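What the coordinates show
Spelled out, the chains give:
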Amino acid sequence: MNSTKNQTNSYQFWDHASTSNITEYNSSVTFQSEFSPVIDQVIGGVLIIILFITMVSLGCKMEVAKIREHIAKPKGVAIAIVAQYGIMPLSAFTFAKIFQLEPMAAMTVLICGCCPGGNLSNIFTLGLHGDMNLSILLTTFSNVMGFGMMPLLLYVYYQGIYGLESAIPYGGITLALVLTLVPCAIGIAINHWAPRFSPIIIKVGLSALVVTTIVIFILCGIAVRDTIRPVLSPPLVATAALMPIIGFLFGYMMSFLFNLNQQCRRTIAMETGCQNVQLGTTVLKVVFPYEIIGPLFLFPFIYVTFQVGEALLLTILFRCYQRFKASSNSKYFIAVNSTECIKVTGPVLSKVLTLDFLSPTKTYLSEKTVYVTVNGNTEEATSV
């Protein structure tokens, strides 16, 4: 990276006269944004609305008592913050060295590696049956700490070159916090005061998210299909593919070493590997004009694509494992009021097989606790 210093020390923010001296990343064409400002704003607005609805849905899975418990015993939060701001920037820096990335490409990768956790982790935590209360807390704390950690990390790794630490998108971090806390608070209120609506809101929110995400990914793919090719070099693709895996793996391992339960391990793994790379895109926009950064402006898009793909693969594998384990488990008996019994099976007593009594009975799950409704009375079930 020493060559970077020699080539770029004279570069200052928006000093376009000196841009001709920076030729680290070469492209045969001048990179231009593929979307008009109007379309870009429309897509951004739609994403904000869908994210708001999604976070309301996730808030419907949260409970105030469990949030307080995590705040009172913040071991999980501390582990996740160390993993987020320790492992991911170091991974980005290491891969830049291993693959000998050109200075501009290395800087782009490092900026993405220094970003805080994003709402993507909350969505996949739900898919992995993780701790949603912990997940929202982690995203909140990660973004709050991003106000200080992003400029500090960029300064430490690049020692003030380009003044990256001065380009932190504080407005973007604030927006991420608002889009996390406000809709989740609404979801918590709904779950507390009108819990019968929670399942409907969750289904609607997640369905809207899936449809919108697929449509936007397709549109973006079509729009950048020509300009993205220079970024699909083996070193950059390998970096984008390996960084989420490293985050998932080390986040889980650190949680395991500190003896957290399985739900917390999966939650911290997702929080570490899924980053808010939109903030990285904002930094790149602020620091470098299009003619300097070239197609590397699209690297965050590639990075988030690998985050989604790998997290989705882990979710599918986890669900398959749960289904296989549930089918091979023996039956359990649970008692209601210590008198009546039903047979259930599965790792968290989730599937009712037969009823040993004739009264109208219904079961539903709240994480690892089974509640049984018998003749209109809801009681907590216990294993016998």
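Residues numbered from 1 in each chain as written. Predicted model: local features only at pLDDT ≥ 70, side-chain atom pairs only at ≥ 80, totals over all residues. Heavy atoms only, no water.

As for unusual backbone geometry
Short version of the rule: Where helices and strands are cited, they refer to DSSP runs of H or I of at least four residues and of E of at least two residues respectively, numbered from the N terminus.
One non-glycine residue with positive phi stands out, namely Q100, at about 50°. Structurally, Q100 is set in the loop between α4 (75-98) and α5 (103-113).

Some thoughts on the packing of aromatic side chains
Condition: Aromatic rings from Phe, Tyr and Trp, with only the six-membered ring used for Trp, were paired whenever their centres fell within 6.5 Å, and each pair was classed as stacked if the ring planes differed by under 30 degrees, edge-to-face if by over 60, and tilted otherwise.
A complete count under the given rule lists five aromatic pairs for this structure. Taking the centre distance of 5.8 Å and the plane angle of 0° together, the rings of F147 and Y170 count as stacked. With F147 in helix α7 (residues 132-158) and Y170 in helix α8 (residues 170-193), this pair connects stretches of sequence that are 23 residues apart.

Overview of the confidence of the model for the protein
Test applied: As a per-residue quantity, pLDDT reports the predictor's confidence and falls between 0 and 100. Contacts are assigned to residue pairs with any non-hydrogen atoms lying within 4.5 Å of each other.
Chain-level statistics for the protein give a pLDDT mean of 78 and a share of 73% at 70 or above. Scored below 50 in pLDDT, residues 373-384 shows 39 contacts in the model against residues more than four places distant or in partner chains.

Digging into the side chain of T315
For the record, the criterion: Any residue under 20% of the maximum accessible area for its type is buried, any over 50% is exposed, and the rest in between are partly exposed; the area is computed with a 1.4 Å probe on protein chains only. Nitrogen and oxygen atoms within 3.5 Å of one another constitute a polar contact, given that in protein one can donate a hydrogen and the other can accept it, and given that sequence-neighbouring residues count only through two side-chain atoms.
As for its position among the elements, T315 is in helix α14 (residues 299-328). A residue is classified by how much of its surface remains accessible, and T315, at 10% relative accessible area, is buried. A distance of 2.8 Å separates the side chain of T315 from the backbone oxygen of A311, its partner in a polar contact. Not counting chain neighbours up to four residues away, the residues in contact with T315 comprise F124, G127 and L128.

Some words on the packing of α5 against α7
As a reminder of what qualifies: Convention adopted: a line fitted to C-alpha atoms gives each axis, helices being fitted over their contacting stretch, and angles between N-to-C directions are expressed from 0 to 180 degrees. Any angle that is under 35 degrees is reported as roughly parallel, and any over 145 degrees as roughly antiparallel; angles of 65 to 115 degrees are reported as roughly perpendicular and all others as oblique. A clockwise turn of the near helix away from the far one marks a right-handed crossing, whereas an anticlockwise turn of less than a right angle marks a left-handed crossing. Residues are grouped as follows: nonpolar covers Ala, Val, Leu, Ile, Met, Phe, Trp, Tyr, Cys and Pro; charged covers Asp, Glu, Lys and Arg; every other residue, Gly included, is treated as polar.
Where α5 meets α7, the closest approach of the two axes is 11 Å, and the angle between their N-to-C directions is 150°. By the angle between their directions, the pair α5 and α7 is classed as roughly antiparallel. Crossing geometry of α5 relative to α7 is assigned as right-handed. Here P103, A106, M107, L110 and I111 of α5 lie close against α7, whose contacting residues are L154, Y157 and Y158. Of the residues belonging to the contact of α5 with α7, the class tally is eight nonpolar, no polar and no charged.

Here's the deal with the packing of α5 against helix α10 (residues 234-257)
Two elements in contact, α5 and α10, have axes whose closest approach is 12 Å; the angle formed by their N-to-C orientations is 15°. Put simply, α5 runs roughly parallel to α10. Where α5 crosses over α10, the two elements pack in a sense that is right-handed. From α5, A105, V109 and G113 reach across to α10, where they touch L236, T239 and M243. Looking at side-chain class alone, the contact of α5 with α10 contains four nonpolar, two polar and no charged residues.

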